[in-house]
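The residues making up each chain are set out below.
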Amino acid sequence: MQHRDGKVLVLNLDYQPINICGTRRAVKLLYLGKAEIIEGRQTYLNSPSGSIQYPSVIKLSYLIYRPHPEVKLSRKSVLARDGYRCQYCGRTNVKMTIDHIVPRNKGGGFKWENLVCACHACNAKKGDRTPQDAGMKLISQPKRPSYIPYISYAIVDRGMGEEDWRKYLPQKMYG
Ligand SMILES: [Zn+2]
């Protein structure tokens, strides 16, 4: 039973991803009628009331109200805002760092509008220069995000996530 301890993506009634829980909890929600299965796995669980498909994605049958708090500025939230995509070359599959668009020693501050996700190669190439001086262009103009689903941190940070979760998560995360 390889999926017994697997992870399940939980969607709100409006299909917004709100949580990741264990299979056991997800099966309980399904059993209690508090959620419905959206994506299932290939394995089944035998229970007294019949066989239950192991879930991969479930959707709650009621709406959880979750206010969006103001996104705190941090290295991690800048990376999440930019979808872990280098804002100079567009690559996503390499290690990322934070680039000060206007370098600190030229007066550039630690603020949303001056920070972007950059790969190490672009960061090194740019060095202590502004993009103009380095002849580099930003893919998009960085700004303060209104909302980053906290769930995207968890998935990107822990390298979690199943293939069939993708369509329910912000596309930006995957580039
Ligand atoms: Zn790059």
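Residues numbered from 1 in each chain as written. Predicted model: local features only at pLDDT ≥ 70, side-chain atom pairs only at ≥ 80, totals over all residues.

(A) Broad picture of the nonpolar core. Formed by 13 residues in total, the largest nonpolar core has its most connected members in Leu79, Cys86, Met96, Cys117 and Ala118. For this core, the secondary structure elements donating two or more residues are α2 (75-81) and β6 (115-119). Sort the elements by how many residues they give to this core and β6 lands first, with five residues. Every residue in contact with leucine 79, bar those within four places of it in the chain, is listed here: Tyr84, Met96 and Cys117. By size, the runner-up hydrophobic cluster in this structure holds eleven residues, among which are Leu9, Val10, Leu11 and Val27. (Core = buried A, V, L, I, M, F, W, Y, C linked by C-beta atoms within 7 Å. Buried ≥ 20, exposed ≤ 12 C-beta atoms within 10 Å, placed from the backbone. Helix = DSSP H or I, 4+ residues; strand = E, 2+ residues; numbered from the N terminus. Contact = placed C-beta atoms within 7 Å.)

(B) Fine view of the pairing of strand β1 (residues 7-11). With respect to burial, β1 is a largely interior element, four of its five residues being buried. Of the strand pairs in this sheet, β1 and strand β2 (residues 17-22) are connected by five bridges, and their pairing is antiparallel. By the bridge assignment for β2, valine 10 is matched with asparagine 19. Alignment of β1 against strand β4 (residues 50-60), held across three bridges, turns out to be parallel. Residue pairing in the sheet places valine 10 in a bridge with isoleucine 58 of β4. (Pairing = 2+ DSSP bridges.)

(C) Local environment of the sheet that holds strand β3 (residues 35-47). Spatial ordering of the open sheet is given by β2-β1-β4-β3, a layout of four strands whose pairing is mixed. Since the sheet does not close on itself, it has two edges, and those belong to β2 and β3, each with one partner. Neighbour-to-neighbour, the strand axes of this sheet turn through a mean angle of 35°, independent of strand direction. The sheet contact formed by β3 and β4 spans nine bridges and is antiparallel. Along β4, the bridge assignment pairs glutamate 39 with valine 57. (Axes fitted to C-alpha atoms, helices over the stretch in contact; angles between N-to-C directions.)

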